[in-house]
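What follows is the residue order along each chain.
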Amino acid sequence: MASAFPFFSCSAGDGREVKHFMYSEINTMVMGSGETYEVEFSDSSDKVSVTITRDAGRKVLSMRCEPDIMPKIDSLVNEYKLCRLHGSYRPMVDIRDGSQWSFELTLKDGTTTSASGYQTWPNGSARAFSQIQKYLDEIAERHEGERTVSTYDLDGNKLTEIEYDSEGRVCGGYKASDPLATF
């Protein structure tokens, strides 16, 4: 049963398992910057979808991974008590340029929480988010299974898409400048 107070229900080492994790960070000083890391465990397929979005949505990597990637994410979420995060975090002074972030978490037991902030992170959470990002980047670098890499223009129009099969071979694709040239 989901807790009415999810921020009271998480403690390091309690073994809670993540079903959905999302962290997004945008640098407001650099137009077109920003990254989003999203992980979703599917009960129906016993697979994990990992999506990494870069350059404010212009580059998207989608992968289907084995569930063996989840224990490390579970461990970091529990170690840094990320299910205790909630609400909005802002600095005491008005800062116009910097980093804006958002976070969503759903555990397999149904507990959910979300938080966001600007130039301020709760104790330890910036380190936790950084470690999860690094871990997912490492998975992306060594992942050889099914994945799709897409690029978009500033208006959100898809420019290219390349699909890879479970052996890491190109199995399809799309190029917007020549829509008939699918491969």
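The structure this text deals with has already been given above.
Residues numbered from 1 in each chain as written. Predicted model: local features only at pLDDT ≥ 70, side-chain atom pairs only at ≥ 80, totals over all residues. Heavy atoms only, no water.

Peer 1: Explain the sheet that holds strand β6 (residues 99–107) to me, please; I cannot follow it from the model alone.
Peer 2: The strands making up a sheet associate through hydrogen bonds between their backbones, and the pairing can be parallel or antiparallel. Spatial strand order, β5-β7-β6-β1-β2-β3-β4-β8-β9-β10: 10 strands in an open sheet with mixed pairing. The outermost strands of the open sheet, each flanked by one partner alone, are β5 (87–89) and β10 (170–175). The sheet shows a mean angle of 10° between the axes of neighbouring strands, taken without regard to direction. Note: strand β1 (residues 18–27) against strand β2 (residues 35–42), 6 bridges, orientation antiparallel. In the sheet register, Y23 faces β2, and the bridge partner there is Y37. (Pairing = 2+ DSSP bridges. Helix = DSSP H or I, 4+ residues; strand = E, 2+ residues; numbered from the N terminus. Axes fitted to C-alpha atoms, helices over the stretch in contact; angles between N-to-C directions.)

Peer 1: Before we go on, may I ask you to explain the packing of aromatic side chains in this structure?
Peer 2: On inspection of all chains with the given rule, the structure shows 8 aromatic pairs. Each ring, one from F21 and one from F103, has its centre 5.9 Å from the other, and the planes form 65°; the classification is edge-to-face. With F21 in strand β1 and F103 in strand β6, this residue pair connects regions lying 82 residues apart in the sequence. For F21, a relative accessible area of 1% translates into the label buried. The exposure class of F103 is buried, given its relative accessible area of 1%. Each ring, one from W101 and one from F129, has its centre 5.8 Å from the other, and the planes form 45°; the classification is tilted. Of this pair, W101 sits in strand β6 while F129 sits in helix α2 (residues 125–142), and the two are 28 residues apart along the sequence. In this pair, the class of W101 matches that of F129, namely buried. Members of the aromatic cluster, each reached through a chain of ring pairs, are F21, Y23, Y89, W101, F103, W121 and F129. One residue, K108, lies across the ring of F41, its end atom 3.9 Å from the ring centre. (Phe/Tyr/Trp six-rings, centres within 6.5 Å; stacked < 30°, edge-to-face > 60°. Buried < 20%, exposed > 50% of the residue type's maximum accessible area, 1.4 Å probe, protein only. Lys NZ or Arg CZ within 6 Å of the ring centre and 35° of its normal.)

Peer 1: Just to check I follow, could you spell out the packing of helix α1 (residues 70–79) against α2 for this structure?
Peer 2: Two quantities define a packed helix pair, namely the angle between the helix axes and the distance between the axes. The interhelical angle for the contact between α1 and α2, taken along N-to-C directions, is 175°, at an axis separation of 10 Å. Looking at the two axes, α1 sits roughly antiparallel to α2. Residues K72, I73, L76 and V77 of α1 lie in contact with α2, whose contacting residues are Q131, I132, Y135 and L136. When the residues that make up the contact of α1 with α2 are grouped by side-chain class, the tally is 6 nonpolar, 1 polar and 1 charged. (Parallel < 35°, antiparallel > 145°, perpendicular 65-115°, else oblique. Contact = heavy atoms within 4.5 Å. Nonpolar A, V, L, I, M, F, W, Y, C, P; charged D, E, K, R; others polar.)

Peer 1: What am I meant to see in a nonpolar patch on the surface here?
Peer 2: A cluster of nonpolar residues, M92, V93 and I95, forms a patch on the protein surface that exposes about 350 Å² of accessible area. Looking at the secondary structure, you find I95 in the loop between β5 and β6. Judged by relative accessible area, I95 falls into the partly exposed class, the value being 30%. (Patch = residues over 30% accessible without salt bridge, like charges linked within 9 Å, V, L, I, M, F, W, Y side chains within 5 Å. Areas by Shrake-Rupley, 256 points an atom, 1.4 Å probe, with all protein chains shown as cover. Salt bridge = Lys/Arg side-chain N within 4 Å of Asp/Glu carboxyl O.)

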